[in-house]
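Chain by chain, the residues:
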Amino acid sequence: MTDSIANESSRITPEPGTPPDPTRIGPVFLELCQVVAKLRSPTGCPWDRQQTLESIKPYTLEETHELLEAIDSGDDGAIVEELGDVLLQVVLDSQIGADAGRFSLIDVVVGLTEKMVRRHPHVFGDTSVNSASEVTSHWDRIKQEEKRRDSIFDGLPAALPSLARAARLSKKAARVGYDFPSRAMLFDKLREELAELAQELFPQGQIPSVAASVEAPIEPDSEPFDAERQRRIESELGDVLFVLANIARRWHINPEEALRASNAKFQRRVEYIERRLKEMGGDIHSATLSEMEKLYQEGKRLENQSQ
């Protein structure tokens, strides 16, 4: 197979907007399609032959998350590999569709190209725009006309992670004007929602003033409340998270990405605790909270110094 693809990034960077070399992209893309078609053929791979559009969904989601991790790493080699895996999902899904007589990769590519041209009249037509927000307005209007949707929320994937979905829901509402006039108002809303959550969690709704410290005595968490109170707490906590997603949106932050980064940071620092304890002949299961916190802060300092 062609082995020159990996060397593409080492070549001179072209001007922005330059498409791939037509003498190269055609043959290498056709070769990929031929490989996937062979895998799906009667003499191909048993695993690939038995896949359906439904069975392949978890792999598509997994590859997407792996691509996000590669982008976060900044490793171009990893990004190229993971982009390839995502592309494989598109080609394989299309081959599955073709094998069932439903649609082909050509249908996918032609449909996508026509849609991109149609939704960018300011580039491929005579429409004029003065800002990115105007581009978004045109896109939404054209999309609404194409899909003939009854609600501004129609088409929003139900399978989106809840935090990302919250940001998307509020963004769609904001596009039709349903939003706080000032983004600073969201912090007043956050205080309101926190107060309502506290009302369910603490007597008289008063949050105890307890300083965060690992030196304090450990207090076991109380047992869950009755089902109805648990439902109310869940509802109030959901409202807090929804406001936080809105705050992220108004400050142009992707809340899902922000949380994913914090998850990775926490995991990285706890793994540092594990490594250091092993180096000292200890074990995280027998370490005290104070010992773990000391190493956590040590790892945090080293991490910050290396940035």
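Quick note: structure is the one above.
Parameters and conventions
Residues numbered from 1 in each chain as written. Predicted model: local features only at pLDDT ≥ 70, side-chain atom pairs only at ≥ 80, totals over all residues. Heavy atoms only, no water. Salt bridge = Lys/Arg side-chain N within 4 Å of Asp/Glu carboxyl O. Helix = DSSP H or I, 4+ residues; strand = E, 2+ residues; numbered from the N terminus. Buried < 20%, exposed > 50% of the residue type's maximum accessible area, 1.4 Å probe, protein only. Axes fitted to C-alpha atoms, helices over the stretch in contact; angles between N-to-C directions. Left-handed = near helix turned anticlockwise from the far one by under 90°. Contact = heavy atoms within 4.5 Å. Nonpolar A, V, L, I, M, F, W, Y, C, P; charged D, E, K, R; others polar. Phe/Tyr/Trp six-rings, centres within 6.5 Å; stacked < 30°, edge-to-face > 60°. Lys NZ or Arg CZ within 6 Å of the ring centre and 35° of its normal. Expected span 1.5 Å × (residues − 1).

Focus: the pattern of salt bridges
For side chains of opposite charge, pairing can occur when their charged atoms come near one another.
Then comes step 1: All told, the structure shown has 15 salt bridges when counted by the stated rule.
Then comes step 2: Of the charged contacts, one joins Arg-40 and Asp-99 as a salt bridge, the two residues approaching to 2.8 Å between their closest N and O atoms. Of this pair, Arg-40 sits in helix α1 (residues 22-40) while Asp-99 sits in helix α4 (residues 76-99), placing them 59 residues apart in sequence.
Then comes step 3: Overall, Asp-99 belongs to the partly exposed group, its relative accessible area being 42%.
Then comes step 4: A network of salt bridges, in which partner residues are shared, links Glu-200, Glu-228, Arg-231 and Arg-232.

Notes on the packing of helix α8 (residues 162-175) against helix α10 (residues 227-250)
Then comes step 1: Look at α8 against α10: their axes get within 9 Å of each other, and the N-to-C directions meet at 65 degrees. Classified by chirality, the crossing of α10 by α8 is right-handed. Facing Leu-163, Ala-166, Ala-167, Ser-170, Lys-171 and Ala-174 of α8, the residues of α10 in contact are Leu-241, Phe-242, Ala-245, Asn-246 and Arg-249.
Then comes step 2: Considering only residue class, the contact of α8 with α10 consists of seven nonpolar, two polar and two charged.

Notes on the packing of aromatic side chains
Then comes step 1: Within this structure, the stated rule accounts for three aromatic pairs.
Then comes step 2: Aromatic side chains Trp-47 and Tyr-59 sit 5.4 Å apart centroid to centroid with 85 degrees between the ring planes, which places their arrangement in the edge-to-face category. Separated by twelve residues along the polypeptide, Trp-47 in helix α2 (residues 46-49) and Tyr-59 in helix α3 (residues 57-73) bring together distant segments of the chain.
Then comes step 3: Judged by its relative accessible area of 35%, Tyr-59 is partly exposed.
Then comes step 4: When the ring centre of Phe-225 is taken as origin, the NZ or CZ atom of Arg-229, which lies over that ring, is 3.7 Å away.

Section: α8
Then comes step 1: Spanning 14 residues, α8 covers 20 Å between terminal C-alpha atoms, matching the ideal 20 Å at 1.5 Å per step.
Then comes step 2: Those residues of α8 that fall on the buried side of the exposure criterion are Ala-164, Ala-166, Ala-167, Ser-170, Lys-172 and Ala-173.
Then comes step 3: In this structure, the buried side of α8 is in contact with α10 and α11 (255-279).
Then comes step 4: With its phi angle positive at about 100 degrees, Gly-177 sits one or two positions after the end of α8.

Everything listed is a geometric property; what it means functionally is a separate question.
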